[in-house]
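# Geometric and topological summary
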Amino acid sequence: MRIYKLPQASALLLTACSPQSETPVGDRLSEAISSDGMYISWEEHIIDDPEIAGFALSGSDGLVMADLDGDGFEDVVSVHESDSEYDSSEYDPNYVPDSAGHVRIAFGSGNPKLWTNITLAEGADSPAPEDAAISDLNGDGHLDVIVAAELSHLIYLQNPGVNIRTEPWPRLIIPQTQGRGSYIRVFFGDFNLDGITDVSAANKGSQRPGPSDFERKTPIHLFQAKGDPLDEESWHEIELGRYIVPQNAEPVDLDNDGDLDIIVGSRGEERMVFFENEEPMSLKFKEHSIHVEGIYMAGFNLEYDDLNGDGRLDIIGASDEYAGVVWIEQPEDLNDEWLVHRIGDFGPDWMIGFGIADIDNDGDTDVISGSYSRGSRMGDEDVDRLDGLGRIGWFENPGDPSSAWIRHDITRRKRGMFDKFIPRDLDNDGDIDFLTTRGNSNPYDGVIWLEQIRTRNPMPNFKAARSGESPEMPLP
């Protein structure tokens, strides 16, 4: 076993916001500097929210991007649970979650501030939708969508190809997922290299796991459509394994051999598993435990990059032990221990979403993260700066990713959950922006674009899209 020692917290993280002050995070002058010597700040733009939707859109979670209508501009598919209670709050066997929920598309244009929004699915089709994926499943040249509904099932939505902004999308609830529990993540991937995408999904058991859920195991699945995906008889199921509250089944070529493997994250076991795709044609997988000493990683939101340049993909994700973000270094032998390197934390704010990109254009990979506010989703009372609030910040890669990363806080509000970040230079100005969803903050939930702003003189970290908002807060 490899012996190592994590750095002490005091030496581990240099913060760009020191010394601490009473100034709210978003109002503080940025100290983040790009490779060309410009100061980096951020401006928020709203892509979708209740005002744009015309109804009580809330509980925004996952999002994915692709050019669905073939006009040359990427579109955004986002999911919105429309609930007001925490999945992770104290278990109540009598709790009945809202059956509402919405899957939305924001169609892009040549103007990053101009979007056309429609509802793709809602209600019983997608109760409490948590995740979505995009691929051309039926091979007709048009990108389709699949959605994981945390309250019930997986639903396939087929792109009609014409008038897709106004015509209903044909759909099918995958029959093997009905009455099976809660689906929290879903992905497309061609695992057997036949040119047809398959579906991988984690069934976490219940939307709000209680004591019985932590005493049983539920499956990680592959689903294949052998024929018309709108025909129930076309769907076939392969069970890869069972885990306690599994919450991820993500395709990634972890061993760099040209086929897709699967990373599994288990909340109940606080560990990750790697399914090596040994024989793609026959879909034969070999299970490996990802050995990480000294911390727990439940593997919900993960990113992958070769951070140390050794030719092997490393994994970036949240550690429950530190309530922060770490990267774990892939060993030469996948059965050996993965070495832990800490990136940083938002304590007491609880990190939930991540994205990676070269934010400052210095040639290495930086990490952006969002946190999960722990107070009421419906109001700003009863929390203060010492509580877990909704924060966005990024960590600057120091060049040697094993040394101390530099934290740059962007915004910290009483309410907000920032679940996923997609890097794009949306305004084509040469720097990386991010698209993300915001939840936990009704009526401010929805989809936002964080535009990176560069100036010769320091500006406030964050410019909000609204004048009236959940209050900006200082650091704890």
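Right above here is the structure, for reference.
The present account deals with the structure reproduced in this document.

Rules used in this analysis
- Residues numbered from 1 in each chain as written.
- Predicted model: local features only at pLDDT ≥ 70, side-chain atom pairs only at ≥ 80, totals over all residues.
- Heavy atoms only, no water.
- Buried < 20%, exposed > 50% of the residue type's maximum accessible area, 1.4 Å probe, protein only.
- Helix = DSSP H or I, 4+ residues; strand = E, 2+ residues; numbered from the N terminus.
- Pairing = 2+ DSSP bridges.
- Phe/Tyr/Trp six-rings, centres within 6.5 Å; stacked < 30°, edge-to-face > 60°.
- Axes fitted to C-alpha atoms, helices over the stretch in contact; angles between N-to-C directions.
- Core = buried A, V, L, I, M, F, W, Y, C linked by side-chain atoms within 4.5 Å.
- Contact = heavy atoms within 4.5 Å.

The buried fraction of strand β7 (residues 129–135) is high, at 7 of 7 residues. Two strands pair when backbone bridges link them, and β7 and strand β8 (residues 144–149) are joined in this way by 6 bridges, in the antiparallel orientation. Across the sheet, residue D131 finds its bridge partner in β8, namely A148.

Per the counting criterion, the structure on display carries 6 aromatic pairs. With a centroid separation of 5.7 Å and an interplanar angle of 20°, the aromatic rings of F346 and F395 are classed as stacked. Linking F346 in the loop between β22 (339–345) and β23 (350–357) with F395 in strand β25 (residues 390–396), this pair joins segments that are 49 residues apart in sequence. The pair formed by F346 and F395 is uniform in burial state, with each residue classed as buried.

Here the focus is the sheet that holds β8. Here 4 strands make up an open sheet; going across it, the order is β7-β8-β9-β10 and the pairing antiparallel. Bordering the open sheet on either side are β7 and β10 (171–173), each of which pairs with just one other strand. In this sheet, neighbouring strand axes are inclined to one another by 20° on average, regardless of whether the strands run parallel or antiparallel.

On to the nonpolar core, then. In this structure, L68, V77, I105, V145, V147, L157 and W169 are the most contacted members of the largest nonpolar core, which totals 20 residues. Elements with a contribution of two residues or more to this core: β3 (60–66), β4 (75–80), β5 (102–107), β6 (116–122), β7, β8 and β9 (154–157). Once residues within four sequence positions are removed from consideration, V77 is found in contact with G62, L63, V64, L68, V103, R104, I105, A132, I134 and V145. Counting 17 residues, the second-largest nonpolar core is a separate cluster that includes L254, M272, V292 and L334.

Just geometry here; none of it tells us what the structure is for.
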